[in-house]
Each structure stands twice: as structure tokens, then as C-alpha cells.
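Coordinates in review
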Amino acid sequence: KAKKIRCITTGEIFNTIRRGSEKYKVDSINIIKCCKDEVRYSGHLKNERLVWVYYEDYLKLTERDIENKIYMANKDRVICINTNEIFLTMEEGAKKYNTTRANIQLCCIEKRKSAGKHPITKEKLVWMYYEDYLKMDKKEKVIRNNVFRGNKKQVICITTNKIFNTVKDGAEFYNIKSPGHISECCKNKRNYCGRLKNGTLLEWMYYEDYLKRSDNI
């Protein structure tokens, strides 16, 4: 008799394993193994791994049981904070950025500051387990990024609310000849740096400081 299954990642119910297999192009055997807890997942949808259970077993699961199954299936996903790219495995990230799985893992557990460099910007890449990243609020994410970026802090032009990854990026966008003047604005040594075409003067802050100020407004 065909068994009814549920993909708890998407919430979909399939009357047969074959239908789930066909929709997500996953081997039926692997779905069965997942239902029997022999593997943590089978297949993926974008950046989410697909977790399967027999429907009769699903009815016995608590909400915490479901959350735990999904967590265990995805716990080794990683995110490159610099680019906001999510990788299902460390190996995928390592291959793209010419580094090693071990170095990414060390970065994720904060035993290493970075792993690999961006091929275009040459910026050192910072990594986290994606599940840990999701638990952080916006301010924590910015602080985490800036800690490992050293002097390359994100800045915000508070006149236009436009955010830049570096002072240099902001200077280039607004055709400012001296990026250091933006840093001086961020350190309260200057009031303005640059102007819009209509003459409006530009004010700047480190984005991390801006978020702290926003919390107190």
C-alpha cells in the first residue's frame, strides 16, 4: 500500500512517495530513508533542504520535534556575510572562493577571522553558520561584519539613507575626491562631506553607530 508523506520543509502533503519524488526530482529511495530517519534530508528547494516524514508519523510529532528535524537538516548551511550568499554546504562555498572547508568551519566557530578572498574586491570573506546568522538582529549582523572587516566599516549617508560597504564606495558614488573626509564625518571631525547635484550637503555616520542611535530615538 502506498504511504502518504509530508514534506515538513514546505508543508506539502503527497499521497504517494512517487509524487513527492517527481515534483522535487528526488530519488524515492532517499525520501524513504529520510522518513525512516536514516538521512536528515533529501533534496532541496533554493537554500532549504527538504525534510520528509510519513504522514502517520507526522501526526505524532510536536512542534518542537518538527523544528528540531528542520534544524538538524540545515545546521551546516553557511552564509558569506560579505556577499550575503547562502551555501547548503561548506564545500560549495570553499569551491567558489578557492578556500577550504576547514577554514570556513573555523571562521564559523570564531577560531579564524576570515576564509578566502573575493576575486574582484579582494576583500577577506567572513562566514557564519546560517542558523546562527538567522538568530542575530540587524545591529548584531552589522557589528559582526565590521569586527572582521577592520577599517573597512560600512557607512551610511544619513542625508540620503544610502548604505555603503566601505568609505571608498561612498566616495566613488558621490564623486568625493577624498574618502578620508567621510571617515572624519563619521568620527565627528567634520560636519559634511560632498554634496548632491542640487547643492544639498551630505552627512555621514558609521552604519554601526547609526543603528545604535536609531535604537535610542
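Here's a quick rundown of the structure. Residue numbers restart at each chain and count upward from 1, following the sequence in its written direction. Local features in this predicted model are restricted to residues whose pLDDT is 70 or higher, and side-chain atom pairs enter the listing and the counts only when it is 80 or higher, whereas totals over whole chains, interfaces and linings include all residues. Computation of side-chain values covers all heavy atoms of the structure but excludes hydrogens and water.

Attention now moves to the sheet that holds strand 1 (residues 5-7). A pair of strands counts as paired when DSSP detects no fewer than two bridges linking them. In this description a helix means any DSSP run of H or I spanning at least four residues, a strand means any run of E spanning at least two, and both kinds are numbered starting from the N terminus. Taken together, the three strands give an open sheet; going across it, the order is 2-1-5, and neighbouring strands pair in antiparallel fashion. Here the strands that pair on one side only, and so sit at the sheet edges, are strand 2 (12-14) and strand 5 (52-54). Going from strand to strand, the sheet's axes swing by 25 degrees on average, the running direction of each strand aside. As defined by bridge partners, strand 1 adjoins strand 5 across three bridges and the pair is classed as antiparallel. Interaxial angle, 0 to 180 degrees, is taken between N-to-C directions of lines fitted to C-alpha atoms, where a helix line uses only the stretch in contact.

Taken as a whole, helix 10 (residues 179-186) has its buried residues at I182, S183, C185 and C186. Seen along its axis, helix 10 keeps its buried residues to an arc of 155 degrees; they face one direction. What makes two residues a contact is simply this: any of their non-hydrogen atoms within 4.5 Å. Residues of helix 10 that are buried make contact with strand 9 (155-157), helix 9 (167-173) and strand 11 (204-206). Within two residues after helix 10, N188 carries a phi angle of roughly 65 degrees, on the positive side. Burial here depends on accessible area, computed with a 1.4 Å probe over protein chains only, as a share of the maximum for the residue type. Under 20% is buried, over 50% is exposed, and the range in between is partly exposed. Directions are taken from the helix axis to each C-beta atom, and the arc is the one they span.

Relative to the elements of secondary structure, R77 occurs in the loop between helix 4 (63-74) and strand 6 (78-80). Under this definition, polar contacts are N or O atom pairs within 3.5 Å; protein pairs additionally need one hydrogen-donor-capable and one acceptor-capable atom, and for neighbouring residues in sequence, both atoms have to be side-chain atoms. There is a polar contact of 3.2 Å between the side chain of R77 and the side chain of E48. Apart from the residues lying within four places of it in its own chain, the contact partners of R77 are N47, E48, F87, L88, M128, Y129, Y130 and E131.

This paragraph deals with the sheet that holds strand 11. In spatial order, the strands read 10-9-11; together these three strands make up an open sheet with antiparallel pairing. Here the strands that pair on one side only, and so sit at the sheet edges, are strand 10 (162-164) and strand 11. Neighbour-to-neighbour, the strand axes of this sheet turn through a mean angle of 25 degrees, independent of strand direction. In this structure, strand 9 lies alongside strand 11, joined through three bridges in antiparallel fashion. Considered in strand 11, the bridge of V155 is made with Y206. Contacting strand 9 and strand 11, helix 10 runs over the sheet at an angle of about 75 degrees to strand 11.

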